[in-house]
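Observations on the model geometry
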Amino acid sequence: MSESGRRAFITGISGQDGSYLAELLLARGYEVHGLIRRASTFNTRRLDSIYRDPHENAPLILHYGDLSDGVSLTNLIRDLQPHEIYHLGAQSHVRVSFDIPDYTAQTTGLGTLRILEAIRASGVQTRFYQASSSEMFGAAPPPQNERTPFHPRSPYGAAKVFAYWITVNFREAYGVFAVNGLLFNHESPRRGETFVTRKISRAVARIQAGLQDKLYLGNLDALRDWGYAPDFVLAMWMMLQQPKADDFVIATGESHTIREFLDLAFGRVGLDWHDYVEVDPRYYRPSEVDHLRGDASKAQRVLGWQPSVRFPELVALMVDADIQLLEDELAGRLVGVDRES
Ligand code: NAP
Ligand code: F7E
């Protein structure tokens, strides 16, 4: 049994949020179990700092599985009997969801139903967190809060709307302690390389080092409410510690364009982005979400949550981290962690 006597199960543990959340829970004495996909290469790079050889009786245990495989999810949840389940696994890329809408609905939408059914079928007494998204608001004008009607603009957004409502339904129908965190965009040095913030911070590092001449982007006018991922995973944990299950918007309350991000990111190394950035329509979306800005006053009031990192600091820390990462890569200083098969 873990130090705290608590056991958590995280889907999507190898992703940006999953890795920060695993660190947070381990630091609080939880035994942490995570779902990973079988891949032909190691896909647990973000867990390197907390991974221990399983022979060392480590408090982090990884299990193979997939959100499309309901039977194995049910078996796993029944065997683990977790006190808390954080369901973060998803096909999370909005642009890609237009290319693979069926797969996105299967994983991002029905994946949530499979976990909830696993909880119901196994009879496990647990608390469930659903990674809902500001993409569900889509075309609804800002500021968006818990009462704003959804108008998704992508297969991803539509799949998340299904997942949101099935979570509410299991709370109402079966009394499952199930909550939705409606999180606005949150970023970090661990952000996937094809999301716009990380694509820019990586390009700045490579352009500065003379390894890249151009950065091709899509719509530069969209407005996003960008926060810092470690702040946001703390909010997930806080939601599951409440006496009553409820849904919360998590956001910084500020929005900025991609152009503003470019100004600060290139400005950090003394460059002018206009000299390097070109627009390539291949990155446009068939329908765009123009403006997201969240109102997280309920989370502030009920959870006592507020963001610790603001936009300029976020941009600076991402650029600095990518410059450092590139220097380490070029100097051959990065060493992988050996894994079990
Ligand atoms: P991410 O970095 O893309 O991570 C997604 C995770 O899901 C990865 O661990 C991935 O595994 C896993 N996954 C994908 N398909 C799967 C499948 N079929 N079976 C099992 N696992 C699968 O996403 P994130 O930024 O950490 O976001 C976490 C969650 O919050 C997602 O549900 C996302 O949609 C949602 N969300 C994110 C934001 C944001 O701004 N970051 C905002 C609101 C909501 P691999 O590593 O093997 O690919
Ligand atoms: O795009 C524009 C793009 O892909 C942000 C996911 O975590 O947050 C994320 O979804 C904006 C869009 O994030 C490029 O058109 C311009 O307007 O970084 P993104 P997203 O679509 O907001 C939500 C909350 C989630 O839930 C999702 O899982 O930037 N943009 N040029 C570009 N975007 C990308 N990816 N690449 C470009 O070249």
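Okay, so let's go over this structure. (Residues numbered from 1 in each chain as written. Chains lettered and ligands numbered in written order. Predicted model: local features only at pLDDT ≥ 70, side-chain atom pairs only at ≥ 80, totals over all residues. Heavy atoms only, no water.)

1. Regarding the pairing of strand β1 (residues 7–11)
The two faces of the sheet receive side chains in turn, since in a regular strand these alternate between them. The cut-off we apply is this: Relative accessible area decides the class of each residue, using a 1.4 Å probe on protein chains only: under 20% of the type maximum gives buried, over 50% gives exposed, and in between gives partly exposed. Starting at the N terminus, helices and strands are each numbered in turn, a helix being any DSSP run of H or I of at least four residues and a strand any DSSP run of E of at least two. In this scheme, strands are said to pair when DSSP sees at least two bridges between them.
Taking burial as the measure, the five residues of β1 include five buried ones, the bulk of the element. In β1, alternate side chains face the same way, and those of Arg-7, Phe-9 and Thr-11 on one face and Ala-8 and Ile-10 on the other are all buried. Both β1 and strand β2 (residues 31–36) contribute to a ladder of five bridges, which runs parallel. When the sheet's bridge partners are listed, Phe-9 is paired in β2 with His-33.

2. Topic: helix α10 (residues 311–330)
Our working rule: In a helix, the anticipated span is given by 1.5 Å times the number of residues less one. Note on definitions: a residue-residue contact is assigned when non-hydrogen atoms from the two residues lie within 4.5 Å.
The end-to-end C-alpha distance of α10 is 29 Å, a good match for the 28 Å that 20 residues give at a rise of 1.5 Å each. Of the positions making up α10, those classed as buried are Phe-311, Leu-314, Val-315, Ala-316, Met-318, Val-319, Asp-322, Ile-323, Leu-326 and Asp-328. If you follow the buried residues of α10, they end up packed against β7 (186–187), α6 (196–208), β10 (227–228), β12 (256–257) and α8 (258–267). Phi turns positive one or two residues past the end of α10, at Gly-332, with a value near 65°.

3. What about the sheet that holds β1?
What counts, and what does not: Between the N-to-C directions of two axes lies an angle of 0 to 180 degrees, each axis being a line fitted to C-alpha atoms and, for a helix, fitted only over the stretch in contact.
Here we have seven strands laid out as an open sheet, ordered β3-β2-β1-β4-β5-β6-β11, and parallel in their pairing. Strand pairing shows two members of the sheet lacking a second neighbour, β3 (60–64) and β11 (248–250), which therefore form its edges. Sheet twist, expressed as the mean angle between neighbouring strand axes with direction ignored, is 20°. Pairing of strand β6 (residues 177–183) with β11 involves three bridges; the strand directions are parallel. Looking across to β11, one finds that Leu-183 is bridged to Ile-250. Strands in contact with helix α1 (residues 16–27) are β1, β2, β3 and β4 (84–87); relative to β1, the strand with the most contacts, it is inclined by about 175°.

4. Regarding the nonpolar core
Rule in force here: Here, nonpolar core refers to any group of buried Ala, Val, Leu, Ile, Met, Phe, Trp, Tyr and Cys residues whose side-chain atoms link them within 4.5 Å.
Counting 50 residues, the largest nonpolar core has Ile-10, Leu-25, Val-32, Tyr-86, Tyr-129, Met-239 and Ile-250 as its most contacted members. The greatest single-element share of this core, amounting to nine residues, is contributed by helix α7 (residues 229–240). With near-sequence residues (within four places) excluded, Tyr-129 lies in contact with Ile-85, Tyr-86, His-87, Leu-88, Val-179, Gly-181, Leu-183, Met-236, Met-239 and Leu-240. Counting residues in each nonpolar core, the second largest holds 27 residues, with Leu-217, Leu-262, Trp-273 and Val-315 among its members.

5. Brief notes about the site of ligand 2
To be explicit about the condition: One heavy atom suffices: a residue is near a molecule or strand as soon as one of its heavy atoms comes within 4 Å of it. Polar contacts here mean pairs of N or O atoms no more than 3.5 Å apart (in protein, one a potential hydrogen donor and the other a potential acceptor; neighbouring residues in sequence count only if both atoms are side-chain atoms). The accessible surface values rely on the Shrake-Rupley method and a 1.4 Å probe; as for residues, cover is taken only from the protein chains in view. Three categories are distinguished: nonpolar for Ala, Val, Leu, Ile, Met, Phe, Trp, Tyr, Cys and Pro, charged for Asp, Glu, Lys and Arg, and polar for the others, with Gly belonging to the last.
Taken together, 22 residues lie around ligand 2, and Ser-92, Ser-133, Tyr-156, Arg-285 and Glu-288 are the ones closest in. Here an oxygen atom of ligand 2 and a backbone polar atom of Ser-92 are 2.7 Å apart. Relative to its free-state accessible area of 700 Å², ligand 2 is covered by the protein chains to the extent of 95%. Taken together, the residues of the shell around ligand 2 break down into eight nonpolar, eight polar and six charged.

6. Remarks on a negative patch on the surface
For the record, the criterion: Exposure above 30% relative accessible area and no salt bridge define the residues that can form patches, which grow by joining like charges within 9 Å and nonpolar side chains of Val, Leu, Ile, Met, Phe, Trp and Tyr within 5 Å. Here, a salt bridge means any side-chain nitrogen of Lys or Arg that lies within 4 Å of a carboxyl oxygen of Asp or Glu. Counting rule applied: Lys, Arg positive; Asp, Glu negative; His and chain ends not counted. The atom standing in for a charge is NZ when the residue is Lys, CZ when it is Arg, CG when it is Asp and CD when it is Glu.
Residues Glu-260, Asp-263, Asp-272 and Asp-275 make up a contiguous surface patch of negative charge. Summarising the element assignment, Asp-272 is placed in the loop between α8 and β13 (277–279).

7. Details of the layout of surface pockets
Condition: Here a cavity means grid points, on a 1 Å grid over the protein atoms only, where a 1.4 Å probe fits yet cannot get out; a pocket means an open set of points with protein on both sides within 12 Å along at least five of seven lines; lining residues are those with an atom within 4 Å of a point. Grid points are joined across faces, edges and corners, and a volume is the space filled by probe spheres set on the points.
Looking at the second largest pocket, its volume works out to about 660 Å³. Residue lining of the second largest pocket: 22 residues in total, with Arg-45, Arg-198, Leu-325, Glu-329 and Leu-334 positioned closest to the centre. Every element with two or more residues in the lining of the second largest pocket is listed here: α6 and α10. The greatest single-element share of the lining of the second largest pocket, amounting to seven residues, is contributed by α10. Across the lining of the second largest pocket, the residue classes break down as eight nonpolar, three polar and eleven charged.

8. Details of the site of ligand 1
As a matter of local geometry, ligand 1 sits amid 25 residues, with Ser-14, Asp-17, Arg-37, Ser-92 and Tyr-156 nearest to it. Here Leu-88 contributes a backbone N or O atom positioned 2.9 Å from an oxygen atom of ligand 1. A distance of 2.5 Å separates an oxygen atom of ligand 1 from a polar side-chain atom of Tyr-156. Of all the elements in the fold, those that place two or more residues in the shell around ligand 1 are α1, α4 (101–122), β5 (127–133) and α5 (155–174). In terms of residues, the shell around ligand 1 owes the most to one element, β5, which gives three residues. Partitioned by chemical class, the residues of the shell around ligand 1 number eight nonpolar, twelve polar and five charged.

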